[in-house]
Amino acid sequence: MKIISGNSNRPLAEAIAQTLQIDLVRSKVRRFADMEVFVEIEENIRGEDMYVVQSTSFPANDHLMELLIIIDALRRASARRVTAVLPYFGYARQDRKPGPRTPISAKLVANLITRAGADRVLTADLHAGQIQGFFDIPVDNLFARPVIIEDIRSHNHIDNVVVVSPDVGGVVRARSLAARIDAPLAIVDKRRERAGESEVMNIIGNVEGKSCLLLDDIVDSGGTLCNAAEALLRLGASDVTAYITHGVLSGGAVSRIAQSKLKELVVTNTILATEAVKIAPNIRELNLAPLIAEAMRRLTAEQSVSSLFD
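Since the model is a prediction, treat every value here as computed from it, not as a measurement.

Participant: Got a minute to help me understand the pattern of salt bridges in this structure?
Facilitator: When charged atoms on two side chains of opposite charge get close, those side chains can pair. Counting across every chain of the model gives 20 salt bridges. One salt-bridge network, in which partners are shared between bridges, spans Lys2, Arg26, Glu43 and Glu48.

Structure (structure tokens):
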């Protein structure tokens, strides 16, 4: 097996390669003067099992084009198999039609990756499980849960915690974590009474005197997390920590979270951390490289990936 990296998250690709004790494939991924993407692979990869590590994070369109062009370059260089490793799958939130005359962009991106020549996709904590069905090639969806559970046990007194889903859509994810650490579950019921007005937050479950662990797959603007933390503290929670797989953190999200009542926001390194994230006093990062590397090793060895999460 060999690993090649785009420009979206090279430190993660290097960490994966280091875990597997191999070197990244030498390559150039650069721009022409008009910002066209150009890719050149600088070593022989004929007959190799190739893994392209590339999150489609900001700027999403640039990184997506890099991914597609790298896959095409590998195909034309006679790679035996190409696996697109997308630690963060962008456009995943556009997985259905929210209204008339709107696209299902997650399906379009799945088609692009498939048509570019990928044989398989490896990703982490998809926003919606049904996105796996958008692909006509195998998709392995990893879960950050084992890494998160290990961190919770080392940083929290788990006999006094409650796992909280920030919305109804994340209940399955939160319930799975709660069952594994033997903790109760609470749900944030958020509703908007009328357009343009702030959300009304209600909490389903008992959080009084508890250390609350908010669990979700994506944090973007951070508004929902900050509002949920305030609502939980108003109902007597002792403190609130958020565990989120993908730290998109766009716009003023980092500043908002730094000034919020969140004790801590813990994200993984599926998205390259900005300088603002690195210096934020209450944002911490978990390393998913060993988990992704083990999944890649198992794929090459034709072993079970799902048993990682049994």
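Participant: What exactly am I supposed to notice about helix H3 (residues 105–116) here?
Facilitator: It helps to recall that an α-helix has 3.6 residues per turn; residues three or four apart then point in one direction. Taking 1.5 Å per residue as the helical rise, H3 with its 12 residues ought to reach 16 Å, and the 16 Å between its terminal C-alpha atoms agrees with that figure. Regarding H3, the residues found buried are Ser105, Ala106, Val109, Ala110, Ile113 and Ala116. Projected onto a plane normal to the axis of H3, the buried residues spread over an arc of 145° and lie on a single side. Among the exposed residues of H3, those oriented more than 90 degrees off its buried face are Leu108 and Arg115. Looking one or two residues beyond H3, the residue adopting positive phi is glycine 117, at roughly 125°.

Participant: Mind showing me how you'd approach the environment of arginine 256 here?
Facilitator: Within the fold, arginine 256 resides in helix H7 (residues 253–258). When its relative accessible area of 38% is taken as the criterion, arginine 256 is described as partly exposed. Residues arginine 256 and glycine 6, 250 residues apart in the sequence, show an inter-C-alpha distance of 30 Å. When residues no more than four places from it in sequence are discounted, the contact partners of arginine 256 are Ser221, Gly222, Gly223 and Cys226.

Participant: Hey, could you run me through the pairing of strand E4 (residues 49–53) in this one?
Facilitator: It is a general feature of regular strands that their side chains alternate between the two faces of the sheet. Judged by how many residues are buried, E4 sits mostly within the fold: 5 of 5 residues are covered. Both faces of E4 are covered, namely the face carrying Asp49, Tyr51 and Val53 and the face carrying Met50 and Val52. As judged from the 5 bridges shared by E4 and strand E5 (residues 81–86), these two strands associate in the parallel manner. Residue valine 53 lies in a different strand from E5, and its bridge partner there is valine 85. What joins E4 to E5 is helix H2 (residues 60–76), and the crossover it makes is right-handed.

Participant: Got a minute to help me understand the packing of aromatic side chains in this structure?
Facilitator: Aromatic rings considered in pairs are described by the distance between their centres and by the relative angle of their planes. The tally for this structure, following the rule as stated, stands at 3 aromatic pairs. Measuring from centroid to centroid gives 5.3 Å for phenylalanine 143 and phenylalanine 309, while their planes differ by 85°, and the two rings are edge-to-face. Of the two residues, phenylalanine 143 is situated in the loop between strand E7 (139–142) and helix H4 (145–155) and phenylalanine 309 in the segment after helix H9 (289–300); the sequence distance between them amounts to 166 residues. Since its relative accessible area comes to 31%, phenylalanine 143 is described here as partly exposed. For phenylalanine 309, a relative accessible area of 10% translates into the label buried. Sitting over the face of the ring of phenylalanine 143, arginine 145 holds its NZ or CZ atom 5.2 Å from the ring centroid.

Participant: Can you help me understand the confidence of the model for the protein in this one?
Facilitator: Low pLDDT marks regions whose predicted coordinates should not be analysed in detail. Residues at a pLDDT of 70 or more form 97% of the protein, whose mean pLDDT is 93. Mean pLDDT across the elements of the protein bottoms out in strand E10 (residues 200–204) (80) and peaks in E5 (98).

Participant: So what exactly am I meant to see when it comes to empty space enclosed by the protein here?
Facilitator: Where empty space is left can be seen by rolling a probe of water-molecule size over the atoms. Throughout the structure, instances matching the rule amount to 1 cavity of 30 Å³ or more. Forming the walls of the largest cavity are Tyr88, Phe89, Ala92, Thr123, Ala124, Asp125, Leu126, His127, Ile218 and His246. Class assignment for the residues of the lining of the largest cavity results in 6 nonpolar, 3 polar and 1 charged.

Rules used throughout
- Residues numbered from 1 in each chain as written.
- Predicted model: local features only at pLDDT ≥ 70, side-chain atom pairs only at ≥ 80, totals over all residues.
- Heavy atoms only, no water.
- Salt bridge = Lys/Arg side-chain N within 4 Å of Asp/Glu carboxyl O.
- Helix = DSSP H or I, 4+ residues; strand = E, 2+ residues; numbered from the N terminus.
- Expected span 1.5 Å × (residues − 1).
- Buried < 20%, exposed > 50% of the residue type's maximum accessible area, 1.4 Å probe, protein only.
- Arc of directions from axis to C-beta.
- Contact = heavy atoms within 4.5 Å.
- Pairing = 2+ DSSP bridges.
- Right-handed = clockwise from strand over helix to strand, strands pointing away.
- Phe/Tyr/Trp six-rings, centres within 6.5 Å; stacked < 30°, edge-to-face > 60°.
- Lys NZ or Arg CZ within 6 Å of the ring centre and 35° of its normal.
- pLDDT = per-residue confidence, 0-100.
- 1 Å grid on protein atoms, 1.4 Å probe; cavity = no way out; pocket = protein on both sides within 12 Å on 5 of 7 lines; lining within 4 Å.
- Points joined across faces, edges and corners; volume = space filled by probe spheres on them.
- Nonpolar A, V, L, I, M, F, W, Y, C, P; charged D, E, K, R; others polar.

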